[in-house]
Amino acid sequence: MEQPTGTCGQCDVSSYFSRDFDKMQACKDLAALAATPYDLTAPSALSPERIRRYRTRAAGFDLLYATQRVDEAVLAALQRLAEESGAVTQFMLMKKGAVLNRIEGYPSEERQVLHTACRDIFAPASLAPEASGQARAELDKLADFLAALEAGTIVNEAGQSFTDLVQVGIGGSDLGPRAVYLALAAYKIPGRRVHFISNVDPDDVAAILSGLDLARTLVNVVSKSGSTLETLTNEELVRKAFADAGLEPNRHFLAVTGKGSPMDNPARYLRSFYMFDSIGGRYSATSMVGAVMLGFGLGYAHLEEILRGANAMDLAAEEPDILSNPPLLLALLGIWNHNFLGSETLAILPYSQALVRFTAHLQQCDMESNGKSVTRQGKPLTWKSGPIIWGEPGTNGQHAFYQLIHQGTSIVPAEFIGFRTSQYGQDLLIEQTTSQEKLVANLLAQTLALATGQPHENPNRCFVGNRPSVMLLADRLTPYAMGALLALYEAKVVFQGFIWNINSFDQEGVQLGKKLATRLLAHYAGLRENPDYSGEASDDSGWALLAAAGLLAK
Ligand code: G6Q
């Protein structure tokens, strides 16, 4: 496996992996520039010329950033920051299979980061041929399986075709795949439906199963580790429902898991598909984790379009000029707002109901990746890492939390996502405008209102403006566009991690709570076996757990 060493022009690339963010010259320049950021409220600050020029495009998406507090000097300093941190060089090393998921000098995951290889399967030749070869082989297996479903050679016990699929998985095995499926429901195969079970909540399982004809349902159990409590528990609950209905679970259940995991037992499943160590859960939507369900629900051709869109954006992310690289520019604008202009959160606001779960996916992708407090050398950070991500589709959000975005005491940068045309094309002229026009007009109005503000003699009606946003605009939310959007944000997140010198690929922060829950459950199990069981409280957290167990007892 390639390590992050080597040379790039005159420099030794290994230095990029240990560079302190706040020691970089470009950061010092940006800190000075932050004293007088571009004033979006000045007369003619948002000139047509600026709106036209502050725009870049890749894989069908325009990124419009005239409404950011940047000028030529800031953009030049951001370009220098990208170069000084080796952002694109690190990205290329990632795509080629460098072991970037690691903390130097400490036990860590020590893995390659190759989610891009899942879509680097089209010409020209892949940068990581082994990983792309594995991805291609799984895709081919999936294509065969889908064709057999289509041809009626794989059917249920009664010889009927399958109409429904339930994906059982959590975290990365749920959020991204679910967001993409919901985004593209307009493209689904007629007569097929997909459902999701993630939470270990028996009521959710019961509610979903109650609406299904189990005889015609496939269940796709997705767990890279094959050991996640929620997923394994839900799998058993669902298997029991099938058995109770007189059905043979092994004829209905599919598995997506890591090679050699406890779930890697093809005898228990109709088909087993694999994902590999180098693909992190939150980056796995384009691996088999998303592909099996998307292939079933949307068809293989649409799945391939998603991969093509993602690949096109991955290629755009290789561009060293930040003004021609939307993911890198978005990452840098985020750093400008967060590290230099002092914002704490970022609102992601899609003007498309189909993207209803996309912000939830990005919460995981961004916050689990960049919510870190140590460098890749294990030293405490002396600069801020990832922001808090939140948001909801517009225009709904406008009637909820936009008050705070416009007039609150916190500055909340916003990333708006919109489409020129609707997915279904079913629209109506009402008072001379369509619904889609109303949707997009609202998006544009919000970005302008936030930027320019509006003075008023009544202080309560005053909009101070200078609230930064960007707009991501594409023609239509197609499978290709969805793939591109997914990859754009994945690349944005990893660029920020590279620049902040943090490991964006592990998630140690989720372990402690999981461990304590496991101990609490052992306590419940002990009590169930022996009502006099007094529990094990060998340390402070043990005592706290016993107290908590007492509170929760019926
Ligand atoms: C994502 C995380 C995490 C993971 C889930 C499910 O990057 O690793 O959200 O996806 O914990 O894990 P399994 O797929 O192993 O069940």
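Relevant structure appears above.
Below is a short write-up of the structure. Throughout this description, residue numbers start from 1 for each chain and increase along the sequence as written. The model is predicted, so local features are restricted to residues of pLDDT at least 70 and side-chain atom pairs to those at 80 or more, both for listing and for counting; the totals for chains, interfaces and linings are taken over all residues. Computation of side-chain values: all heavy atoms of the structure, hydrogens and water removed.

What follows deals with the overall build of the chain. Counting secondary structure elements, the chain contains 17 helices and 13 strands. On C-alpha atoms alone, the chain measures out to a radius of gyration of 25 Å, which is about the 24 Å that the 2.2 N^0.38 rule sets for 554 residues. A principal-axis box enclosing the C-alpha atoms of the chain has dimensions of 75 × 65 × 55 Å. The burial tally for the chain puts 52% of its 554 residues in the buried class. Any pair of residues with heavy atoms lying within 4.5 Å of one another is described as a contacting pair. Within the chain, contacts between residues separated by at least 24 positions form 74% of all contacts whose residues are at least 6 apart in sequence. For the accessible areas, the method is Shrake-Rupley and the probe is 1.4 Å, while residue cover comes only from the protein chains on display. Here the chain displays about 23,500 Å² of accessible surface, and carbon together with sulfur accounts for 55% of that area. A positive count includes Lys and Arg, and a negative count includes Asp and Glu. His and the chain ends are not counted in either. Charge positions come from single atoms, namely NZ of Lys, CZ of Arg, CG of Asp or CD of Glu. Side-chain charges in the chain split into 47 positive and 59 negative, and the spacing between the mean points of these groups amounts to 2 Å. Strands here mean DSSP runs of E at least two residues long; helices mean DSSP runs of H or I at least four residues long; both are numbered from the N terminus. Based on C-alpha atoms, the radius of gyration is set beside the globule rule, defined as 2.2 Å times the residue count to the power 0.38. Burial classification: accessible surface area is computed with a 1.4 Å probe over protein chains only, and a residue below 20% of its type maximum counts as buried, one above 50% as exposed, and the rest as partly exposed.

Moving on: the site of the ligand. By nearness alone, 13 residues border the ligand, and Ser223, Ser225, Thr228, Arg282 and Gln364 come closest of all. Residues adjacent in sequence count toward polar contacts only when both atoms are side-chain atoms; beyond that, a polar contact is any pair of N or O atoms within 3.5 Å, and within protein one must be able to donate a hydrogen and the other to accept it. Note that an oxygen atom of the ligand is positioned 2.7 Å from one of the side-chain N or O atoms of serine 225. With the chains in place, 85% of the 400 Å² that the ligand exposes on its own is no longer accessible. Looking at side-chain class alone, the shell around the ligand contains one nonpolar, nine polar and three charged residues. Definition of nearness: a residue and a molecule or strand are near each other if at least one heavy atom of the residue lies within 4 Å of the molecule or strand. Polarity classes work like this: nonpolar for Ala, Val, Leu, Ile, Met, Phe, Trp, Tyr, Cys and Pro, charged for Asp, Glu, Lys and Arg, and polar for all others, with Gly in that last group.

The next thing to look at is helix H3 (residues 72-84). Take the number of residues in a helix, subtract one, and multiply by 1.5 Å to get its expected span. Taking 1.5 Å of rise per residue, 13 residues should cover 18 Å, and H3 covers 18 Å from first to last C-alpha, within 8% of that figure. Among the residues of H3, Val74, Leu75, Ala77, Leu78, Gln79, Leu81 and Ala82 are the ones counted as buried. Contact partners of the buried residues in H3: helix H1 (25-33), helix H4 (87-96), helix H11 (326-340) and helix H15 (479-500). Put simply, aspartate 71 is the residue that caps the front of H3, since its side-chain oxygen is 3.2 Å from the backbone nitrogen of alanine 73. Looking one or two residues past H3, glycine 86 carries a phi angle of roughly 65°, positive in sign.

Of the volumes computed, that of the largest pocket is approximately 1,300 Å³. Looking at which element gives the most residues to the lining of the largest pocket, the answer is helix H16 (residues 511-529), with five residues. Of the two site types, the cavity is a set of points on a 1 Å grid over the protein atoms alone where a 1.4 Å probe fits but cannot get out, and the pocket is an open set with protein on both sides within 12 Å along at least five of seven lines, each lined by residues with an atom within 4 Å of a point. Grid points are joined across faces, edges and corners, and a volume is the space filled by probe spheres set on the points.

With that settled, consider the pairing of strand S5 (residues 164-168). With five of five residues buried, S5 is to be regarded as a mostly interior element. Residues Asp164, Val166 and Val168 line one face of S5 and the alternating positions Leu165 and Gln167 line the opposite face, and both faces are buried. The pairing criterion is simple: DSSP has to find at least two bridges between the two strands. Across five bridges, S5 lies against strand S6 (residues 193-197) in parallel orientation. By the bridge assignment, glutamine 167 is partnered in S6 with phenylalanine 196. Relative to strand S7 (residues 217-223), S5 runs parallel, the two being bridged by five bridges. Its bridge partner lying in S7, glutamine 167 is registered against asparagine 220.

On to the sheet that holds strand S11 (residues 388-390), then. With respect to topology, six strands assemble into an open sheet ordered S3-S4-S13-S12-S10-S11, the strand pairing being mixed. Since the sheet does not close on itself, it has two edges, and those belong to strand S3 (55-58) and S11, each with one partner. When the angles between neighbouring strand axes are averaged without regard to direction, this sheet yields 20°. Where strand S10 (residues 345-350) meets strand S12 (residues 414-419), four bridges bridge the pair, whose relative direction is parallel. Bridged to alanine 347 within S12 is alanine 414. Each axis is a line fitted through C-alpha atoms, taken for helices only over the stretch in contact, and angles between the N-to-C directions span 0 to 180 degrees. With respect to the sheet, helix H12 (residues 358-370) is in contact with S10, S11 and S12, its orientation differing from that of S11 by roughly 170°.

Right, let's get into empty space enclosed by the protein. Here the structure, examined in full by the defined rule, presents three cavities of 30 Å³ or more. Here the largest cavity defines a volume of roughly 130 Å³. Forming the boundary of the largest cavity are 18 residues, of which Cys118, Ala135, Phe276, Ile279 and Ser287 lie nearest the centre. When residues of the lining of the largest cavity are traced back to their parent elements, those giving at least two are helix H5 (129-151), strand S9 (271-275) and helix H9 (288-298). Ranked by residues supplied to the lining of the largest cavity, first place goes to H5 with five residues. For the lining of the largest cavity, the class distribution of residues is 13 nonpolar, four polar and one charged. Here the second largest cavity is characterised by a volume of approximately 80 Å³. In terms of lining, the second largest cavity is formed by 13 residues, of which the most central are Gly334, His338, Leu346, Pro387 and Gln496. Taken together, the elements giving at least two residues each to the lining of the second largest cavity come down to H11, S10 and H15. In terms of residue class, the lining of the second largest cavity is built from four nonpolar, six polar and three charged.

Let us look at the packing of helix H7 (residues 202-210) against helix H8 (residues 229-244). The geometry of a pair of packed helices is captured by two quantities: the angle between their axes and the separation between those axes. Packing of H7 against H8 brings their axes to within 11 Å, and their N-to-C directions diverge by 35°. The interaxial crossing formed by H7 with H8 has right-handed handedness. From H7, Pro202, Val205 and Leu209 reach across to H8, where they touch Asn234, Leu237, Val238 and Ala241. Looking at the contact of H7 with H8 residue by residue, the classes come out as six nonpolar, one polar and no charged. With the far helix as reference, a near helix turned anticlockwise by less than a right angle produces a left-handed crossing, and one turned clockwise produces a right-handed crossing.

So, about the packing of aromatic side chains. Note on aromatic contacts: the rings of Phe and Tyr and the six-membered ring of Trp form a pair at centre separations within 6.5 Å, being stacked when their planes are under 30 degrees apart, edge-to-face when over 60 apart, and tilted otherwise. Taken as a whole and judged by the stated rule, the model has 15 aromatic pairs. Here phenylalanine 145 and phenylalanine 273 contribute two aromatic rings whose centre-to-centre distance is 6.0 Å and whose plane-to-plane angle is 65°, an arrangement assigned as edge-to-face. With phenylalanine 145 in helix H5 and phenylalanine 273 in strand S9, this pair connects stretches of sequence that are 128 residues apart. Here the two residues phenylalanine 145 and phenylalanine 273 agree in accessibility, since each one is buried. Ring geometry for tyrosine 351 versus phenylalanine 416: centroids 5.9 Å apart, planes at 55°, classification tilted. A residue pair is termed long-range when its members are at least 10 positions apart, and tyrosine 351 in the loop between S10 and H12 and phenylalanine 416 in strand S12 qualify at 65 residues. With respect to class, tyrosine 351 is no different from phenylalanine 416; both count as buried. Three or more aromatic residues joined by ring pairs make a cluster, and in this case those are Phe21, Trp336, Phe340 and Trp383. One residue, arginine 239, lies across the ring of tyrosine 269, its end atom 5.2 Å from the ring centre. Over the ring of tyrosine 274 we find lysine 259, and its NZ or CZ is 4.4 Å from the ring centre. Working rule: Lys NZ or Arg CZ, within 6 Å of ring centre, within 35 degrees of ring normal, means a charge sits over the ring.

Counting 122 residues, the largest nonpolar core has Phe21, Leu81, Tyr489 and Phe495 as its most contacted members. With 15 residues, H15 is the largest single contributor of residues to this core. Among residues more than four places away in sequence, those in contact with leucine 81 are Phe21, Met24, Ala26, Cys27, Leu30, Leu332, Ile335 and Ile499. The nonpolar core is taken to be a set of buried Ala, Val, Leu, Ile, Met, Phe, Trp, Tyr and Cys residues, with the residues joined through side-chain atoms within 4.5 Å. Within the second largest apolar cluster, 17 residues are counted, among which are Val205, Ile208, Leu247 and Met263.

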